[in-house]
Amino acid sequence: MTAPERIATAGRIPAGVWVLGGVSMLMDISSEMIHSLLPLFLVGGLGASALTVGLIEGMAESTSLVVKVFSGTISDYLGRRKPLLLLGYGLAAFTKPLFALASTTGVVLAARLLDRAGKGIRGAPRDALVADLAPPLVRGAAFGLRQSLDTAGAVLGPLAAVGLMLAWHDDFRAVFWVAVIPAGLAVALLLFGVREPAAGLRKTPGNPITRTNLARLPRSYWWVVGIGAVFTLARFSEAFLLLRAQGGGVPVALVPLALLAMNVVYSLSAYPFGMLSDHVSHTRLLAFGLLVLLAADLVLAAGEHWSMLLAGVALWGLHMGVTQGLLATMVADTAPADLRGTAYGFFNLVSGLATLAASVIAGLLWDTAGPAMTFYAGAGFCVLALATLMLRPSAGRRA
């Protein structure tokens, strides 16, 4: 696609998608200011083990993904997305002070579960709203754009955390308090800046989870659900990237730069690969993304030098940029419009269970066999995912 064509594509993306991206960016700034420091706070400040970190991260992320099945279904039932977005973003903003007040791992776990529940409430309706707003011919670009803006927040958040940690002499709690501000701004922007399409999804509420409605979800959709779960098994929590950076001798205040590097690559690659997915085979893009993740795992397993770490996290970010918007686009392309919220919900329910399993396995391996074995196991899951993908090489292509 030429530069003029890329500009024309961006011009066709509705304003609501841009605003949703801005909301995601602000909330991600807040969340990543906390999450980029949280594993270090747990291990160094509260005395938690790597297994505890894995359990907390796995439970938190799986809670987020499991809740999406209910919020997506409710949004289909109501025929509206925005009320659930406000509830989800509002809950996430409300929980931010709990991290600054936490004195035990139990409080951190409660805060993470509530925060990720908020993410789960908003996740499926937000993706469904992007699909509702974006014309089919630019849907991949729209998802890529929203993901890029979201990930820009994931770049700015760790960068702010590093600056504040250096300025305030590793004061975790002070940084956590500052993170409350962008979370509040995200809720305000959503409240006043986002409008749903004028025509609702249905004139009267109806239950989307009926045998008749579920039968309308085609086999191609369930294949996307299955391959998404295998992808998740191959990619455990990013908390282990931070622990790997700390184990390599990176000063505590600079550890969030690992997430910064990953998210810079993620942000820069998500939109171009989103546009590319509107024109090429989805299966080939998924396979490419898995090969990139396989390379990232092998590099991270091979050594702890900062150059190896930088290369590994950059490859990890490229994998995210290739695959995350693509999987969301594939769900939208294979599900009926009035069942998109439910479709995203089931997709994320299955992925949530895989997230919990992957993070627990990673934590156990880290404690018992060492960091390198954790990443070698991730590489093994990548090979499994590639084999699963190749079982149906014609699936996932655009019609």
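Nothing here was measured: the structure is a model prediction, and the numbers come from that model.

Within the chain, the secondary structure is distributed over 17 helices and zero strands. In the chain, which comprises 399 residues, the share counted as buried stands at 57%. Of the contacts formed within the chain by residues at least 6 apart in sequence, a portion of 86% connects residues at least 24 apart. Split by element, the accessible area of the chain, about 15,000 Å² in all, is 70% carbon and sulfur.

We now examine empty space enclosed by the protein. Enumeration according to the criterion identifies three cavities of 30 Å³ or more in this entry. Taken as a whole, the largest cavity spans an internal volume of roughly 1,100 Å³. Forming the walls of the largest cavity are 48 residues, and the residues nearest its centre are E61, K119, E238, M320 and Q324. The leading source of residues in the lining of the largest cavity is helix α6 (residues 105–133), at seven residues. Its residues assigned to classes, the lining of the largest cavity shows 18 nonpolar, 15 polar and 15 charged. Lining the second largest cavity, in full, are L233, F236, A358, I361, A362, L365, T374, A377, G378 and F381.

Between helix α2 (residues 15–35) and α6, the shortest axis-to-axis distance is 11 Å and the interhelical angle comes to 160 degrees. Here α2 lies roughly antiparallel to α6, going by the angle between them. In terms of crossing hand, the pair formed by α2 and α6 is left-handed. Here G16, V17, L20, S24, M27, S31 and H35 of α2 come into contact with α6, specifically with R112, D115, R116, R122, R126, L129, V130 and L133. Grouping the constituent residues of the contact of α2 with α6 by class yields six nonpolar, four polar and five charged.

Summed over the entire model, instances satisfying the criterion amount to eight salt bridges. Here D115 and K96 are joined by a salt bridge, their closest N and O atoms 2.9 Å apart. Of this pair, D115 sits in helix α6 while K96 sits in helix α5 (residues 82–101), and the two are 19 residues apart along the sequence. Among the residues examined, D115 registers a relative accessible area of 0% and is labelled buried. With a closest N to O distance of 3.4 Å, D333 and R139 form a salt bridge. Linking D333 in helix α15 (residues 306–334) with R139 in helix α7 (residues 139–167), this pair joins segments that are 194 residues apart in sequence. Here the salt bridges share partners, and the residues they tie into one network are R81, D132 and R340.

A separate point is the confidence of the model for the chain. Of all residues in the chain, 90% have pLDDT values of 70 or greater, and the mean over the chain is 81. Long-range and interchain partners of residues 393–399, a stretch whose pLDDT sits below 50, account for 20 contacts in this model, where long-range means more than four residues apart.

With that settled, consider unusual backbone geometry. The phi torsion of most residues other than glycine is negative, and most of the peptide bonds are trans. Phi angles above zero are rare outside glycine, and H169 is one such case at about 55 degrees. Structurally, the position occupied by H169 is in the loop between α7 and α8 (172–178). Backbone geometry at D170 places phi at a positive 60 degrees, although glycine is not the residue there. Position of D170 relative to the elements: it lies in the loop between α7 and α8.

Each value, and the rule that gives it
Sequence order as written defines the numbering, with residues in each chain counted from 1. Given that the model is predicted, a residue must reach a pLDDT of at least 70 before its local features are reported, and side-chain atom pairs must reach 80 or more before they are shown or counted; all residues, however, enter totals for whole chains, interfaces and linings. Note that water and hydrogens are dropped before the side-chain values are worked out from all heavy atoms of the structure. Think of it this way: any DSSP run of H or I at least four residues long counts as a helix, any run of E at least two long counts as a strand, and we number them from the N terminus. Note on classification: 1.4 Å probe, protein chains only; a residue is buried when its accessible area is under 20% of the maximum for its type, exposed when over 50%, partly exposed between these limits. Any two residues whose heavy atoms approach within 4.5 Å are treated as being in contact. Accessible surface is estimated by sampling points in the Shrake-Rupley manner with a 1.4 Å probe; for residues, cover comes only from the protein chains shown. Put simply, the grid is 1 Å and covers the protein atoms alone, a cavity is a trapped set of points that fit a 1.4 Å probe, a pocket is an open set with protein on both sides within 12 Å along at least five of seven lines, and lining residues have an atom within 4 Å of a point. Grid points are joined across faces, edges and corners, and a volume is the space filled by probe spheres set on the points. Residue type decides the class: Asp, Glu, Lys and Arg count as charged, Ala, Val, Leu, Ile, Met, Phe, Trp, Tyr, Cys and Pro as nonpolar, and the leftover types, Gly among them, as polar. The angle between two axes is taken between their N-to-C directions and runs from 0 to 180 degrees, where each axis is a line fitted to C-alpha atoms and a helix contributes only its stretch in contact. Angle categories: roughly parallel below 35 degrees, roughly antiparallel above 145, roughly perpendicular from 65 to 115, and oblique for all the rest. A crossing counts as left-handed when the near helix is turned anticlockwise from the far one by less than a right angle, and as right-handed when that turn is clockwise. Only one rule defines a salt bridge in this text: a Lys or Arg side-chain nitrogen within 4 Å of an Asp or Glu carboxyl oxygen. The predictor rates its confidence in each residue with pLDDT, a number between 0 and 100.

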